[in-house]
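Observations on the three-dimensional arrangement
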Amino acid sequence: MRVVIAEDSVLLQAGLTKLLTDGGFEVVAAVTDAEALLRAVAEHRPDVAVVDVRMPPTHTDEGIRAALVIGRQYPEVAVLVLSQYVEERYATDLLSERTSAVGYLLKDRVAHVADFLDALRRVAAGGTALDPEVVAQLLVRRRTDPLDRLTPRELQVLKLMAEGRSNNGITEALRVSPSAVEKYVSNIFTKLDLAPTDTDHRRVLAVLKFLGG
Amino acid sequence: MVAGLGGGYRERMTWLNKARDWRPTLHVLAGMAAGAGVGAVLAGLVVIWLAAIWSLIDGPVGGWELAVLYSAVALAGPALLLWAVRGFGTLQRARFRALLGVEIPAPPRGAAGNWALRPVRAWRAPATWRQLGYHLLALVGGTAGGALVAACWSAPVLAVAYLAGRLGDGRRLGLGLGAAVLAAAMLLVAPRVARVVARADEAAGRALLGPSRGEELAVRVESLARSRAEIVAATDAERRRIERDLHDGTQRRLVSLALHLGMARASLTDAPEPIRQVIEQAHDEATEALAELRQLVRGLHPAVLDDRGLDAALSGIAANAPLPVRLRVDVPTRCAPGVEAVAYFVVSEALTNVAKHAGASHAEVTVERTGDRLRIVVSDDGRGGATLDGGGTAANGGGTGLRGLAQRAAAVDGTLAVDSPPGGPTAITVELPCGS
């Protein structure tokens with residue numbers, strides 16, 4: 001799969017390039033600011049763009065804005081946004097523009113190579129990857145509390161669903177049987193009054209919509 | 001004896017030569033001239049103004065041009081008089097500075113506003129009337145004092161003139177001698193009289209030409225408030241700078257380090273066990289250091305606070321607290337950046353306190369803006385007993401954290417209240433003026 005990297009730290013750019021190349025991706029361009037990113041995406045039409053949030057010139061949210069532009073102009077290009085801090089507000093912005101082929105993770109996550117590459121592949125394949133921190137931030141906003149009806153285990157499963165994980169992913173993360181996960185999922189949907197869905201992607205949307213509202 | 005006389009003479013000569021000792025006399029004499037001149041000009045202005053008004057009331061005689069002129073004078077009179085009062089005040093303060101070395105600060109001019117209302121406001125200001133009072137006093141007391149000092153210094157000349165007129169008139173010898181003695185005595189006390197008059201003038205000048213005590217305090221309060229605001233702003237700027245430096249430097253290096261250790265860990269699966277263990281431990285520690293540093297820097301001044309405001313920034317600290325936190329923010333329009341920074345710090349520190357000392361299972365943060373007030377309440381269901389001062393139990397950390405919060409709030413004219421009965425629950429309420 002072909003990747004464009006936008007990261008203004010040369011050190012991290014080199015590290016990411018090596019990580020992705022070793023992981024079987026082809027890095028077609030590595031740039032250091034948002035404008036160059038948009039040019040590279042237009043030129044190379046990669047499968048996925050890995051984008052840092054704080055880039056020149058203002059070092060605030062350039063990456064988020066560039067990701068939104070890519071979402072509008074090149075919907076076929078998946079975007080994974082990386083940042084040293086994740087912000088629920090930026091996540092909401094990202095998800096308002098597109099709800100598939102999008103990811104938002106802490107930069108720390110690149111240290112867990114296998115998990116990170118999994119998340120990148122998931123995003124490139126049209127899925128979502130939300131950092132657990134973002135999910136936690138979304139959870140503190142909830143007021144009326146159907147969430148109180150969930151058992152601690154069900155809450156864990158809900159968070160993993162919000163991160164964009166499939167049943168398999170949840171099974172692996174919690175080290176429980178697939179049938180147990182299915183049971184948790186259906187309990188959660190019943191307790192939260194959500195319509196059951198068949199695909200992983202729609203499930204993520206339903207959960208995020210619940211958390212966001 | 002001779003030496004004593006010589007000493008006295010020399011002393012007197014240096015005394016006479018010392019410019020400093022001539023200054024009261026010069027000041028008083030200049031004051032006499034200035035007082036008379038200023039008084040005459042001001043009186044002239046008042047007379048012209050009253051005459052113009054009187055002519056208007058009485059019905060102007062002559063052409064319409066005269067009526068226009070009277071009206072113009074009647075209208076412009078107060079402004080002109082004000083200008084003269086202030087200008088002469090400046091002149092008199094300059095006299096004190098130049099001749100007496102006494103610095104009298106100018107009274108406050110009052111805030112600029114509508115130009116048409118400015119003279120009205122100035123005439124309602126006590127400072128204007130005090131200056132006018134000084135000018136009247138200078139006209140009467142200043143000229144009298146000046147005349148007295150002038151008479152003392154010129155007493156010998158006057159005496160000689162008097163005696164010259166009576167030359168050859170033997171019967172008046174006693175009178176002549178009396179006049180000579182009196183003249184000598186007046187000359188001797190002349191410097192002292194000049195000093196006394198100058199001191200009285202100085203007292204009047206300080207009381208009437210400068211700012212009153214209240215006005216001085218008002219100026220002082222204003223400058224203190226300004227310097228305090230500058231300190232608060234500088235602290236914020238410093239926190240931002242540290243955040244940016246860590247973000248651009250240390251954090252990136254740590255991410256790179258953790259990334260490379262992660263790659264080593266992933267690829268060296270068939271390495272000998274001891275090597276694998278070392279790499280795994282290094283990798284774990286690098287990721288933990290990264291997480292700790294992120295927490296620390298997030299508490300300083302997150303970029304999202306400037307970028308998206310308090311509401312957006314608070315979910316980060318609420319989500320990272322080690323206990324479940326419910327967050328409710330209702331701030332339709334943003335407050336001043338400095339106030340947002342304080343509010344952010346308050347929530348961050350209060351939640352840290354709760355996590356450390358309260359033994360709580362839940363915490364709740366509400367932030368609301370009503371009018372110009374930002375109200376922050378951080379409550380928990382812990383054991384309570386928290387106090388602002390150090391007298392609390394060990395369980396609540398002796399209140400040191402809360403004292404710091406109260407100081408931070410006070411720096412932007414905010415208040416902090418603690419409600420924490422023993423056994424809980426605890427609620428910390430901070431109110432800040434929004435400042436925008």
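Above this text is the structure in question.
Because the structure is predicted, anything quoted here is derived from the model rather than measured.

Looking only at helices and strands, chain B features 14 helices and 5 strands. Buried positions account for 37% of the 436 residues belonging to chain B. Contacts in chain B between residues far apart in sequence, at least 24 positions, make up 71% of those at least 6 positions apart. Accessible surface computed for chain B: about 23,700 Å², of which carbon and sulfur atoms make up 65%.

This part is about unusual backbone geometry. Residues and elements named next belong to chain A. The peptide bond linking P56 to P57 adopts the cis configuration, its omega dihedral lying at 5 degrees. Turning to its location among the elements, P57 is positioned in the loop between β3 (48-52) and α3 (62-73). Even without a glycine there, the phi angle at H59 is positive, about 55 degrees. Tracing the backbone through its elements, the reader meets H59 in the loop between β3 and α3.

Residues and elements named next belong to chain A. Taken in spatial order, the 6 strands line up as β2-β1-β3-β4-β5-β6 in an open sheet, and their pairing is parallel. Both outer strands of the open sheet, β2 (26-31) and β6 (128-130), are each paired with one neighbouring strand and no more. Taking the axes of each pair of neighbouring strands and ignoring which way they run, one obtains an average angle of 20 degrees across the sheet. Examined bridge by bridge, strand β4 (residues 78-83) and strand β5 (residues 102-106) share 5 bridges and lie parallel to one another.

Residues and elements named next belong to chain B. As for its placement among the helices and strands, T426 is situated in strand β5 (residues 426-433). Residue classification places T426 among the buried residues on the basis of a relative accessible area of 7%. Those residues within four positions of T426 in sequence are excluded, and the remaining contacts are V378, S379, D380, G384, D419 and S420.

The next thing to look at is the pairing of β5 of chain B. Residues and elements named next belong to chain B. Sheet analysis places strand β3 (residues 373-380) next to β5, joined by 8 bridges and oriented antiparallel. When the sheet's bridge partners are listed, S379 is paired in β5 with A427. Examined bridge by bridge, strand β4 (residues 415-419) and β5 share 5 bridges and lie antiparallel to one another. If you follow A417 over to β5, its bridge partner there is T429.

The rules behind these values
Residues numbered from 1 in each chain as written. Chains lettered and ligands numbered in written order. Predicted model: local features only at pLDDT ≥ 70, side-chain atom pairs only at ≥ 80, totals over all residues. Heavy atoms only, no water. Helix = DSSP H or I, 4+ residues; strand = E, 2+ residues; numbered from the N terminus. Buried < 20%, exposed > 50% of the residue type's maximum accessible area, 1.4 Å probe, protein only. Contact = heavy atoms within 4.5 Å. Areas by Shrake-Rupley, 256 points an atom, 1.4 Å probe, with all protein chains shown as cover. Pairing = 2+ DSSP bridges. Axes fitted to C-alpha atoms, helices over the stretch in contact; angles between N-to-C directions.

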